[in-house]
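Notes for the structure review
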Amino acid sequence: MGVQVQGPAAIRSTTVRSRRQVIAPKRLCRHMQDEGRPFELALLTPLLVIALVTVVDIFTPHLQFYRLLGAAPALAAAMFCVVGTLGIGLLALTVGVALSAVHHDLGQTPSGFTLLAITAITLAATYASRVRQHREHTLAEVRAVAETAQRVLLRPLPQHLEHIDVEVLYQAAAAQARIGGDFYEAMQTPHGVRLIIGDVRGKGLPAVEVAAAMLSTFRVHVHGAPDLPSLAGQLETVMGQYCRAVPDDALERFVTAVLVEIPADDPIARLVNCGHPAPLLLHGDEVREVEPSAPSPPINMADLLGHQYHVDTIPFTTGDRLLLYTDGVSETRDRTGTFYPLAQRIRRWASDSPRQLLDQLHQDLRAYVDGTRDDDLAALAAHRVTPCDQETAELDRAVPVQRGH
């Protein structure tokens, strides 16, 4: 398709920069310090083992606790670089020789086997440390490439699109993932600002693939589609092509979505709701759900439910906000199984800026949910402003904040 994304050279360049940020330090110890991770206690553990074994062995020489010194390099392999692991092993070997001399059994067979065991453990730990560092290096490269690809797919939205301010909240359910089955986009077109938010049925990489197909289709056709039903039809066509090209289980996959068009010269907003949770319109202190007047089929279900996409037009004047969200927001449950009362809670922050509103919503959801979230979460706030309001907001952001010392 003709979607404009970064070329291979640009992606490689971005990937290299990301990789350098992740794995530039040559030594793991410095790498941990640069990342700001807590490491002091972990790095002290092998040294504490040596110190503890030494003290106990001195006070109980008949138990020969110095034979446990091999535990120090074994622990070091899990947290030190190769040189650090080798250093811990040499220190343990030196302490072992000293304690053997104190016990007057240096050169005897038991002592010799103990020192030989410490040496063997040190060599094995050094090799294990090298293998671990290599795997961490490979993992860092994979993460750098994955993060770059995810940024290309679900790129940050511009805060200002002509007469609309846009803010977004997104959280993928999968650990270490930036994207999931929820997706969004906002673009300025000749027809006004057009928005989409959607939710793919399913989870994991198959859901991400469908989300990528929907975003690419939206970006390609959003400028040329004469109206929202035509744009929804393009999404339906591409989704059908995708399902025919992948295994059979894709035929059971569908996408719910809301398409929005906000013209610049008319105080309205047009919506096509394809089986998605109803957006919320915030007008002053009032909050109301924008339920569709007639149902439109979810993407990939038009053959079953019909190809009729119904457009609803609502007043959307200066100062109004439109909150689009996925069911990861509205179907969040507390410990009793009660769904999150979004329409009620959002009234608390109806007069806040879009960014503050989404931040408050995110904090409230985290406090409301019981246990670990198992669904993606996305919310997009669109705020109609005047050009004067935009200039003032941009000026406020440009002025540096004076901080006290």
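Our subject is the structure that appears above.
Right, let's walk through the structure included here.

The rules behind these values
- Residues numbered from 1 in each chain as written.
- Predicted model: local features only at pLDDT ≥ 70, side-chain atom pairs only at ≥ 80, totals over all residues.
- Heavy atoms only, no water.
- Helix = DSSP H or I, 4+ residues; strand = E, 2+ residues; numbered from the N terminus.
- Buried < 20%, exposed > 50% of the residue type's maximum accessible area, 1.4 Å probe, protein only.
- Contact = heavy atoms within 4.5 Å.
- Areas by Shrake-Rupley, 256 points an atom, 1.4 Å probe, with all protein chains shown as cover.
- Pairing = 2+ DSSP bridges.
- Axes fitted to C-alpha atoms, helices over the stretch in contact; angles between N-to-C directions.
- Phe/Tyr/Trp six-rings, centres within 6.5 Å; stacked < 30°, edge-to-face > 60°.
- Lys, Arg positive; Asp, Glu negative; His and termini not counted.
- Salt bridge = Lys/Arg side-chain N within 4 Å of Asp/Glu carboxyl O.
- Polar contact = N/O pair within 3.5 Å; in protein donor to acceptor, adjacent residues only side chain to side chain.
- Core = buried A, V, L, I, M, F, W, Y, C linked by side-chain atoms within 4.5 Å.

A count of helical and extended segments in the chain gives 13 helices and eleven strands. Counting over 405 residues, the chain shows a buried share of 45%. Taking all contacts inside the chain whose residues are at least 6 apart in sequence as the whole, residues at least 24 apart take part in 72%. Entry remark: accessible area of the chain is about 21,400 Å², with carbon and sulfur atoms responsible for 57%.

With that settled, the discussion passes to the sheet that holds strand E10 (residues 321-325). The strand order across the open sheet formed by six strands is E1-E2-E11-E10-E7-E8, and the pairing between neighbours is antiparallel. Since the sheet does not close on itself, it has two edges, and those belong to strand E1 (160-161) and strand E8 (286-289), each with one partner. Bridge analysis of E1 against strand E2 (residues 164-171) gives two bridges, and the strand direction is antiparallel. When the sheet's bridge partners are listed, His 160 is paired in E2 with Asp 165. Across the sheet, helix H12 (residues 354-368) lies against E2, strand E7 (280-283), E10 and strand E11 (377-384), angled at about 20 degrees from E2, the strand it touches most.

Across the sheet, five strands lie side by side as E3-E4-E5-E6-E9; this open sheet has antiparallel pairing. Each edge of the open sheet carries a strand with a single partner, namely strand E3 (182-189) and strand E9 (312-315). Neighbour-to-neighbour, the strand axes of the sheet open up by a mean angle of 20 degrees, direction not taken into account. As judged from the eight bridges shared by E3 and strand E4 (residues 192-200), these two strands associate in the antiparallel manner. Note that in E4 the partner of Ala 186 across the bridge is Leu 195. Along the sheet, helix H7 (residues 204-221) contacts E3, E4 and strand E5 (255-262); its crossing angle with E3, the most-contacted strand, is approximately 10 degrees. Of the strands in this sheet, E4, E5 and strand E6 (268-274) are in contact with helix H8 (residues 228-245), which crosses E5 at around 150 degrees.

This paragraph deals with the packing of aromatic side chains. Scanning all chains against the criterion turns up two aromatic pairs. Ring centres of Tyr 170 and Tyr 184 lie 5.8 Å apart, and the angle between their planes is 55 degrees; on these two criteria the pair is classed as tilted. Taken together, the positions of Tyr 170 in strand E2 and Tyr 184 in strand E3 put the pair 14 residues apart, joining distant regions of the chain. For the pair shown, Tyr 170 and Tyr 184 are each scored as buried.

Turning to its location among the elements, Asp 312 is positioned in strand E9. One buried charge, Asp 312, has no salt-bridge partner; the nearest side chain with opposite charge is Arg 288, at 8.9 Å. Looking at Asp 312, its side chain comes within polar contact range of the side chain of Ser 293, at 2.5 Å. Those residues in contact with Asp 312, other than ones at most four positions away along the chain, are Ala 269, Arg 270, Leu 271, Pro 292 and Ser 293.

Ranked by size, the top nonpolar core spans 56 residues in total, and within it Leu 195, Met 214, Leu 259 and Leu 322 carry the most contacts. In terms of residue count, H7 provides more of this core than any other element does, eight residues in total. When neighbours within four sequence positions are excluded, Leu 195 is seen to be in contact with Glu 185, Ala 186, Phe 218, Val 258, Leu 259, Val 260, Ile 262, Leu 324, Leu 380 and Ala 382.

Before going further, it helps to examine the pattern of salt bridges. Side chains bearing opposite charge may pair, as long as their charged atoms lie close to each other. Tallied over the full model, the rule gives eight salt bridges. By sharing partners, the salt bridges in this structure join Arg 155, Glu 185 and Arg 219 into a single network.

A few words on the side chain of Ser 129. Among the secondary structure elements, Ser 129 is positioned in helix H6 (residues 109-153). With relative accessibility at 0%, the residue Ser 129 sits in the buried group. Not counting chain neighbours up to four residues away, the residues in contact with Ser 129 comprise Ala 77, Phe 80, Cys 81, Val 82 and Thr 85.

What follows covers the environment of Leu 228. With respect to the helices and strands, the residue Leu 228 is situated in helix H8. Among the residues examined, Leu 228 registers a relative accessible area of 3% and is labelled buried. Look past the residues within four positions of Leu 228 in its chain and what remains in contact with it is Arg 194, Leu 259, Val 260, Glu 261, Arg 270, Leu 271 and Val 272.

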